[in-house]
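Coordinates in review
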Amino acid sequence: MSQQNPRPKSPGQSKRMKSTPPELQVPFHRASIGEEEVQAVSEVIRSGWLTMGPKTFEFEKEFAKYVGAQHAVAVSTGTAALHLSLEAAGIGAGDEVLLPTTTFTATAEAVTYLRARPVLVDIEPVTMNMDPEDAARRITSKTRAIIPVHLGGQPCDMDEIHTLARMHHLRVIEDAAHALPSEYRGKRVGQISEFTCFSFYATKTLTTGEGGMITTDNSTVADRMRLMRLHGIERDAWKRYRADGSWFYEVLEAGFKYNLTDFQSAMGLVQLAKCDRMKQAREAVAQRYSDAFSSFDELVVPTVLPDRRTSWHLYALRLRLDRLSLDRNNFVQALHRHGVACSVHFIPLHLHPYYQRVYGYQIGDYPRAEQEYHSCFSLPIYPGMTDREINHVVGAVQTTAAEFRIVHTNVAHVFPSA
Ligand SMILES: Cc1ncc(COP(=O)(O)O)c(C=O)c1O
């Protein structure tokens, strides 16, 4: 099977540019951590209670309130959140689960943990989210669940996804790793579906270093996930080393070790309190970028649909490759030479060796995802960006677009009629 997943060229392979060192280096991400987080974590460490305990339960309560859900279950990663949700939904060997090809491997990997099959779906080109019509075409008698991924923070069309799910009795598990805080038709992500999975990985909009949360209004699945996140031992087992706890516990299931620690939760509580403010800061960066780039014919700025609000976890810029004399990889390298670090979200899953080898996916299977993949990249966007950094990114992108612009010469003008 051919694998032509293009790899970025090394700097030496691409067109040489002026090599004066950039006056400023803008990293792709810088976590927004202040003294408050340091204080909160230190207090927990000094308390001597390091693992899951009262801080974690407080974080769960506040998080549930923030997104407007009945229950929040804190876990060690966003991947664990997906795994526990799928397990609580009863997904098992031979089942099929729909998910977009444009996502991080964790979305599909969690499906494989249960020996179910990730069925990849193409994207719609405006939001780059899963296309519900393509999802509908891929439903079989084995399809049990659907995992919409809110790419970069912009929610998927959840009404269409829920309609599809109702028609075919599918469980809906949102991958909201990028979507805190985001909204769909006036509802905050976290209160829309039976399961919503968040990630608190280092680069996410709320971070605890590593961490995750599942929100749900279904108390049966919440209880199941609480049981399974801690070895399948009954709920109060975490207390067994406390003075008021009991040494006795019973194992009810073969569970997992997926609990979040109290010092991570203490950090999460501080981050949650600043979540709205951090989102406003990212929104201001996005606005500056879109204002600066929308007049460039070579660039396509992100469209936020009128019924959605994005967290702006990512700012994905797309290139009109027909108007530029360099490709996306070389554009990203040019920005790198200007001191601007970028990333690409994501290499579609069907282009990765694992998904090709095990599930038979091939290059060409998802044409819209491939087309957007070849033209998109993500710019730095985080609350702590300084004006100078934002201006530097703007300048680097504009300069690169202008430098590699294909000028369409008017033939009549070049060869005036005699
Ligand atoms: C779309 C998506 N889903 C799931 C995850 C997994 O989250 P975590 O790294 O917390 O396990 C990520 C992480 O980057 C992600 O981007």
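Everything below is about the structure shown above.
Within each chain, residue numbers correspond to sequence positions counted from 1 in written order. It should be noted that, the model being predicted, local features are given only for residues of pLDDT at least 70 and side-chain atom pairs only at 80 or more, the latter also being counted only at that level, while totals for whole chains, interfaces and linings use all residues. Side-chain descriptors were evaluated using all non-hydrogen atoms of the structure, hydrogens and water having been removed beforehand.

Overview of the nonpolar core
Heads up, the rule is: What we call a nonpolar core is a set of buried Ala, Val, Leu, Ile, Met, Phe, Trp, Tyr and Cys residues that are connected through their side-chain atoms within 4.5 Å. Here's how the labels work: a residue is buried when its accessible area is under 20% of the maximum for its type, exposed when over 50%, partly exposed in between, all with a 1.4 Å probe on protein chains only. Residues count as neighbours in contact if any of their non-hydrogen atoms are within 4.5 Å of one another.
Counting 77 residues, the largest nonpolar core has F59, F63, L86, I146 and F198 as the members making the most contacts within it. Discounting chain neighbours no more than four positions away, the residues touching F63 are A72, L180, F198, F200, M213, T215 and L272. In terms of nonpolar packing, the next biggest core, distinct from the first, is built from 33 residues, W312, L335, C342 and V393 among them.

As for the site of the ligand
Spelled out, the test is: We call a residue near a molecule or strand when any one of its heavy atoms sits within 4 Å of it. Under the rule applied, a polar contact is a pair of N or O atoms within 3.5 Å (in protein, one hydrogen donor and one hydrogen acceptor; residues adjacent in sequence only if both atoms are side-chain atoms). Only the protein chains shown count as covering a residue, and every accessible area follows the Shrake-Rupley method with a 1.4 Å probe. Helix and strand labels come from DSSP, where a helix needs a run of H or I of at least four residues and a strand needs a run of E of at least two; each type is numbered from the N terminus. All residues other than Ala, Val, Leu, Ile, Met, Phe, Trp, Tyr, Cys, Pro, Asp, Glu, Lys and Arg, Gly among them, are scored as polar; the first ten of these are nonpolar and the last four charged.
Surveying the vicinity of the ligand reveals 16 residues, the closest of which are G78, T79, D175, S199 and K204. Contacts to the ligand include D175, whose side-chain N or O atom sits 2.7 Å from a nitrogen atom. One nitrogen or oxygen atom from the side chain of K204 is found 2.6 Å from an oxygen atom belonging to the ligand. Summarising the interface, the protein chains cover 92% of the accessible area of the ligand, which totals 390 Å² for the free molecule. Of all the secondary-structure elements, those providing two or more residues to the shell around the ligand are α3 (78-88) and α4 (105-113). Looking at the shell around the ligand residue by residue, the class counts come to 6 nonpolar, 8 polar and 2 charged.

Examining the sheet that holds strand β10 (residues 299-300)
So the rule is basically this: A pair of strands counts as paired when DSSP detects no fewer than two bridges linking them.
As summarised here, the arrangement of the 3 strands in space is β10-β12-β13, forming an open sheet in which the pairing is antiparallel. Both outer strands of the open sheet, β10 and β13 (376-379), are each paired with one neighbouring strand and no more. Pairing of strand β12 (residues 315-319) with β13, which is carried by 4 bridges, proceeds in the antiparallel orientation. In the sheet register, Y315 faces β13, and the bridge partner there is L379.

A look at the packing of helix α1 (residues 35-47) against helix α8 (residues 262-273)
To be explicit about the condition: Simply put, an axis is a line fit to the C-alpha atoms, just over the touching stretch for a helix, and the angle between two N-to-C directions goes from 0 to 180 degrees. In these notes the angle categories are as follows: under 35 degrees is roughly parallel, over 145 is roughly antiparallel, 65 to 115 is roughly perpendicular, and the rest is oblique. Helix crossings are classified by the rotation of the near helix relative to the far one: an anticlockwise turn of less than a right angle makes the crossing left-handed, while a clockwise turn makes it right-handed.
α8 packs onto α1 with a crossing angle of 150° between their chain directions and a minimal axis gap of 8 Å. In terms of their interaxial angle, α1 and α8 are classed as roughly antiparallel. In the packing of α1 onto α8, the handedness of the crossing is right-handed. Here E36, E37, A40, V41, V44 and I45 of α1 lie close against α8, whose contacting residues are D262, F263, A266, M267, V270 and Q271. A per-class count over the contact of α1 with α8 returns 8 nonpolar, 1 polar and 3 charged.

Re the pattern of salt bridges
Which entries qualify depends on this criterion: What makes a salt bridge here is a side-chain nitrogen of Lys or Arg within 4 Å of a carboxyl oxygen of Asp or Glu, nothing more.
Tallied over the entire structure, the rule returns 26 salt bridges. Salt-bridge contacts for E87 lead to R224; the nearest nitrogen and oxygen are separated by 2.6 Å. Placement of the pair is E87 in helix α3 and R224 in helix α7 (residues 219-228), with a sequence separation of 137 residues.

Some words on the packing of aromatic side chains
Rules: For Phe, Tyr and Trp, rings pair up if their centres lie within 6.5 Å, where Trp contributes its six-membered ring, and each pair is then called stacked (planes under 30 degrees apart), edge-to-face (over 60) or tilted (otherwise).
One pass over the structure, following the stated rule, counts 16 aromatic pairs. Ring centres 5.2 Å apart and planes at 15° place the aromatic pair F256 and Y258 in the stacked group. What makes Y258 buried here is its relative accessible area of 17%. Arranged with centres 6.3 Å apart and planes meeting at 20°, the rings of Y355 and Y359 form a pair that is stacked. In this pair, Y355 and Y359 both sit in helix α11 (residues 353-359), 4 residues apart, roughly one turn of the helix. Each member of the pair, Y355 as well as Y359, is classed as buried. Grouped by ring-pair contacts, the aromatic residues Y354, Y355, Y359, Y361 and Y366 constitute a single cluster.

Examining the environment of G245
When you line up the elements, G245 lands in the loop between α7 and α8. Separated by 126 residues in the primary sequence, G245 and V119 have C-alpha atoms spaced 45 Å apart.

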